[in-house]
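Listed here are the chains, written in short residue letters.
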Amino acid sequence: MAWKTIDRNEPAFDADAPNVLSDAVREKIRSFFPRYETKQAALLPALHVVQETLGHVSFKAMTEVAEVLEIHPSQVFDTLSFYTHFWTHPKGKKTITVCRSITCELLGGREVLDAIKKHLGVGEHETTADGEYSLVTEECLAGCDHSPCMLINEKLHKRVQPADIPKLLADTDNDKLDMPRSTLFDAPADVASDGASVTS
Amino acid sequence: MAKITIDEKVIECRDGVPVLQAAIEAGWDIPHYCYHPGLSVTASCRLCLMEMQLPHPKTGEMGWVPKLFPSCQTPVRDGMIVRFDSEVVRDNQKSCMEYFLIDHPLDCPVCDQAGECYLQDYSQKFGNSKSRMVEQKLVGPKKDIGPKTYLYSDRCVMCTRCVRFTEEISGTHELCSVNRGARREIDVFPGMPLDNPIQGNVVDVCPVGSLLDKDFFFKQRVWFLSGTPSVCPGCSTGCAIRVDQNENTVFRLKPRSNPGVNDWWMCDEGRFGFKYIHDEKRLTAPTVRRGADTEEVRWDDVPEIVSFRFEQHVAKHGDDSVAVVLSPMMSCEEAWLLVKFIRGIAPAATAVTGFVPTVGEAQHFPVGCDAENVKFTILPEKCPNRRGVELIAERAGGETCGFDEFVKRATSGAFSAAWIVGGYPEAWVPKEMTKVVKQLETLVVQDIFANTLTAAASLVLPACAWVERDGSFMNHAGKVQPFERAIRVRDGAKRDGQYLFEISGHVGLYSGDHVREMMADEMKEFANIGDAPPKPVHQH
């Protein structure tokens, strides 16, 4: 007899579910290997690649990443769950991240968040019914000089006012970046200085 | 040997060990959760912090550094000066203990660990009597993480010893720590439960009641248990264990640290393999065969019956027709007494090393490691004392042989009298033995459970489980390890050593130590092996 326990022996997905990582994604993960001494070290870039491709990293995807990196799925789960950046369940096309840290809070960040909740009809960590937007909050977006601020995907919106929300969310280009995105997680083709093939 | 100063006392310690280990070995009680001598160091619990003297960067003068150092992560250096007995260190311990108890449910009355819990011990010794926490506690979930373990994450202190165990010792990586900050908890990947042959150790390494053994769950409060140092009979590794019993019932086995043999670990096969000792079907009384019936006899008559039968047999058939099958489940002392007795009556008797149960191949841990990195091994030989019995048979002089050869020779009628010892927890009698027993006119069988041999025997002597006996086992590497008696024998039964002692003509109580002293005159392997197994250097 025990207290009510959560059964962790139950698999999170069907054993015969089809693979979610395509060969191209696997190849891209492998192309990071020459950068590091161990395959395990390529875990974070691999998770970024998967999240960018699939929108989230499901338990099925975690086991497949583990298979490519030759580690145990629990090690992938361990690392992934540390970062709030990674989603384990499907999210909307765009993710709205509202700052809830002190500067934004003082300058009306909470009103912005309430306005978004009201406009979209969802709460925190929820996704709209049409799958367009997911809403989360984050501790600080490093934009205190433009408070209150929020992110739509990777685009930072500065000095947002609650009244701007309907217009901002209706704009289809509201996640378009002003400058090129960092290529850190795109494996460059010439990383292997010793001339070895990057895909080896 | 490095000389270091702890709290103004100079101690000598092994080179390269952490200060924490040196202090514990020298008798200090330093609180710690994450440090375990068998695992890597993470220095995450911050309980063992100490003050240290270092040279001033400008003047070179030695002085106390105004910060604390983790003693588990600082290796000893000759001439090092540290202290635990200071206001700052005690303040830190107090603050840490308060922090550990912030989300703790304080459910000691229903917790299996209560009584051997380091949260309780350290709270009392280093913590506060009251909690200042007034906010809602974060309650972690209770999880079923595998066939043998529960994880109550609300009691967890996040020392990650269990995670490091599955990474570094078992090499199976089932456990991980998920999430971050106050919501961090130990978990498994869903559908990949904690299930490996040495998983029971995660419960032992857990300093609190977070990881719980399903087998021991709600069975007994630990303060009712008393522990006896013993040796595991599950395989020829001979792990040092502690038998925890209450009112003559064994509730659990725990490993004791024994460097070079099992370090700090034991396998599940040994840990949960003791259930047979409380089996109702065990034999308890000596019986003799009279025609088709069997009849119980008094223990007092057994020496006479045995001597009479064998003497009569030798007189009729000659002394080379006698064989004694020494079971590798016997202790060295019992085997020695028995072989001496048989050779006393029949000097040309054959001493046989009994049936050696073998299952599969040796399992090395961490899984898939190189030969030089093996941390723990489960051997295929599922008996504790093959080497000891072989050695005793060999040193007794005269003819010896293995079990297979005995079966072959006995089938062809080479022997007409035998004393066969069993004592295996599982059914063991090979099929060929039915032909063997037909050839045997006189057959004494000493076994735990009834089987085809006991059915055919002229005299059946009940054997005892190792927890009811005392003596020593010689492991696969030739190390003689004594074990003590943990529980009384069942009503009506008698310890194997005791009746063998009496049959051999000795008077009084059998004691393993005493017999070992007698043996030591002939076999130096058994001299000075110590009264009790080595004391653990690290309790938790």
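Honestly, the overall build of chain A in this entry has me stumped. Any pointers?
A count of helical and extended segments in chain A gives 7 helices and 6 strands. Expressed as lengths along the three principal axes of its C-alpha atoms, the size of chain A is roughly 60 × 55 × 30 Å. Sorting the 200 residues of chain A into buried and exposed places 41% on the buried side. Of the contacts made within chain A by residues no fewer than 6 positions apart, 64% connect residues no fewer than 24 positions apart. For chain A, the accessible area works out to roughly 11,300 Å², and carbon and sulfur atoms hold 54% of it.

So what exactly am I meant to see when it comes to the sheet that holds strand 16 (residues 293-296) of chain B here?
Consider a sheet: its strands pair through backbone hydrogen bonds, and that pairing is either parallel or antiparallel. Residue and element names in this part refer to chain B. Taken in spatial order, the 8 strands of this open sheet run 16-15-24-23-22-17-18-21, and their pairing is mixed. Of all strands in the sheet, those with a lone pairing partner are strand 16 and strand 21 (400-401), marking the two edges. Relative to strand 16, strand 15 (residues 287-290) runs antiparallel, the two being bridged by 4 bridges. Bridge pairing in strand 16 links V288 to E295. Of the strands in this sheet, strand 17 (322-326), strand 18 (350-353), strand 22 (417-421) and strand 23 (442-447) are in contact with helix 8 (residues 332-345), which crosses strand 17 at around 180 degrees.

Before we go on, may I ask you to explain the environment of B:G508 in this structure?
Residues and elements named next belong to chain B. By the secondary structure assignment, G508 is in the loop between helix 13 (496-503) and helix 14 (512-520). G508 sits 10 residues away from Q498 along the chain, and the two C-alpha atoms are 8.7 Å apart. In contact with G508, not counting residues within four places along its chain, are Q498 and F501.

What is the right way to read the interface of chain A and chain B from this model?
Put simply, an interface is often sized by how much accessible area is lost when its parts join up. Residue-level contacts link 25 residues of chain A with 30 residues of chain B. Note on chain A versus chain B: buried area summed over both sides is about 2,300 Å², and carbon and sulfur give 63% of it. Taken as a group, A:W3, A:R8 and A:N9 account for 30% of the area that chain A buries against chain B, more than any other trio of residues on that side. Linking chain A with chain B are 1 salt bridge, by the criterion used here. Linking chain A to chain B there are 13 residue pairs in polar contact (both at pLDDT 80 or more). Contributions of two or more residues to the side of chain A that touches chain B are made by strand 1 (6-7), helix 3 (59-69) and helix 4 (73-82) of chain A. By residue number, the principal contributor to the side of chain A that touches chain B is helix 4 of chain A, which donates 7 residues. Residue composition of the side of chain A that touches chain B, by class: 12 nonpolar, 8 polar and 5 charged. Of the pairings in the sheet, the one linking strand 1 of chain A to strand 7 (residues 142-146) of chain B comprises 2 bridges and is parallel in character. Considered in strand 7 of chain B, the bridge of A:D7 is made with B:D144.

It is not clear to me how the domain arrangement of chain B should be interpreted in this structure. Could you clarify?
Assigned domains of chain B: these are domain 1 (2-98), domain 2 (102-224) and domain 3 (287-355 + 384-526). Taking the mean C-alpha position of each, domain 1 of chain B and domain 3 of chain B sit 55 Å from one another.

Teacher, can you tell me more about the packing of aromatic side chains here?
A ring pair, where both rings are aromatic, is described by two values, the distance of the centres and the angle of the planes. By the definition in use, this model includes 29 aromatic pairs over all chains. Between the aromatic rings of A:F82 and A:Y83, the centroid separation amounts to 5.1 Å while the plane-to-plane angle is 75 degrees, which identifies the pairing as edge-to-face. Under the relative-accessibility criterion, A:Y83 is labelled partly exposed at 33%. Both rings, one in B:Y150 and one in B:Y152, keep their centres 6.3 Å apart while their planes meet at 55 degrees; by these two values the pair is tilted. The exposure class assigned to B:Y150 is buried, which follows from its relative accessible area of 13%. Since its relative accessible area comes to 0%, B:Y152 is described here as buried. Joined through ring pairs, the aromatic side chains of B:Y33, B:Y99, B:F100, B:Y118, B:Y122 and B:F126 make up one cluster. For the cation-ring pair, B:R252 lies above B:F216, with the distance from its terminal atom to the ring centre recorded as 4.6 Å.

Help me understand the state of the cysteines, please; the structure alone is not making it clear to me.
Working definition of a disulfide: a covalent bond connecting the sulfur atoms of two cysteines. Residue and element names in this part refer to chain A. Counted according to the given criterion, the structure contains 0 disulfides over all chains. Of all cysteine sulfurs, the one in C104 lies closest to C99, which takes part in no disulfide; the gap is 3.5 Å. On the accessibility criterion, C99 (5% relative accessible area) is buried. What makes C104 buried here is its relative accessible area of 2%.

What should I look at first to understand the pairing of strand 7 of chain B in this one?
Residues in a regular strand project their side chains so that they alternate between the two faces of the sheet. All names here are of chain B. Taken across its 5 residues, strand 7 has 5 buried, putting it largely inside the fold. Bridge analysis of strand 7 against strand 8 (residues 149-152) gives 4 bridges, and the strand direction is antiparallel. Of the residues in strand 8, the one forming a bridge with K143 is L151. The loop that links strand 7 with its antiparallel partner strand 8 comprises 2 residues.

Could you clarify how one ought to interpret the pattern of salt bridges in this entry?
Pairing between side chains of opposite charge can happen when the charged atoms of each approach one another. The final tally for this structure, using the stated rule, is 47 salt bridges over all chains. A network of salt bridges, in which partner residues are shared, links A:R8, B:K143, B:E185 and B:D187.

Explain unusual backbone geometry to me, please; I cannot follow it from the model alone.
It is generally the case that most residues other than glycine have a negative phi and that most peptide bonds are trans. Between A:S147 and the following residue, A:P148, the backbone shows a cis peptide bond with an omega angle of -10 degrees. In this fold, A:P148 is placed in the loop between strand 4 (133-138) and strand 5 (150-152). B:F365 connects to B:P366 through a cis peptide bond whose omega is 0 degrees. Within the element layout of this structure, B:P366 appears in the loop between strand 19 (363-365) and strand 20 (376-378). Of note in this structure, A:N153 is not a glycine but carries a positive phi near 50 degrees. Take A:N153: it is sitting in the loop between strand 5 and strand 6 (155-157). A positive phi angle, close to 45 degrees, is found at B:D7, a residue other than glycine. For B:D7, the location among the structural elements is in the loop between strand 1 (2-6) and strand 2 (9-13).

How should helix 4 of chain A be read in this particular structure?
Along an α-helix, residues three or four apart share an orientation, since each turn contains 3.6 residues. Counting buried residues in helix 4 of chain A gives 7 out of 10 residues, a clear majority hidden from the surface. The set of residues buried in helix 4 of chain A consists of A:P73, A:S74, A:Q75, A:V76, A:F77, A:L80 and A:S81. At its buried positions, helix 4 of chain A is contacted by helix 2 (43-54) and helix 3 of chain A together with strand 9 (175-178) and strand 10 (185-188) of chain B.

In this structure, what is going on with the sheet that holds strand 2 (residues 94-99) of chain A? I would like to understand it.
All names here are of chain A. Taking strand neighbours across the sheet as the criterion, the 5 strands line up as 3-4-2-5-6 in an open arrangement whose pairing is mixed. Looking at the sheet topology across the chains shown, the edges are occupied by strand 3 (126-127) and strand 6. As paired elements, strand 3 and strand 4 share 2 bridges and run antiparallel to each other. Counterpart to T127 in the pairing with strand 4 is S134.

About the cut-offs
- Residues numbered from 1 in each chain as written.
- Chains lettered and ligands numbered in written order.
- Predicted model: local features only at pLDDT ≥ 70, side-chain atom pairs only at ≥ 80, totals over all residues.
- Heavy atoms only, no water.
- Helix = DSSP H or I, 4+ residues; strand = E, 2+ residues; numbered from the N terminus.
- Buried < 20%, exposed > 50% of the residue type's maximum accessible area, 1.4 Å probe, protein only.
- Contact = heavy atoms within 4.5 Å.
- Areas by Shrake-Rupley, 256 points an atom, 1.4 Å probe, with all protein chains shown as cover.
- Pairing = 2+ DSSP bridges.
- Axes fitted to C-alpha atoms, helices over the stretch in contact; angles between N-to-C directions.
- Buried area = accessible area lost by both parts, 1.4 Å probe.
- Salt bridge = Lys/Arg side-chain N within 4 Å of Asp/Glu carboxyl O.
- Polar contact = N/O pair within 3.5 Å; in protein donor to acceptor, adjacent residues only side chain to side chain.
- Nonpolar A, V, L, I, M, F, W, Y, C, P; charged D, E, K, R; others polar.
- Domains from an automatic or database assignment.
- Phe/Tyr/Trp six-rings, centres within 6.5 Å; stacked < 30°, edge-to-face > 60°.
- Lys NZ or Arg CZ within 6 Å of the ring centre and 35° of its normal.
- Disulfide = S-S within 2.5 Å.

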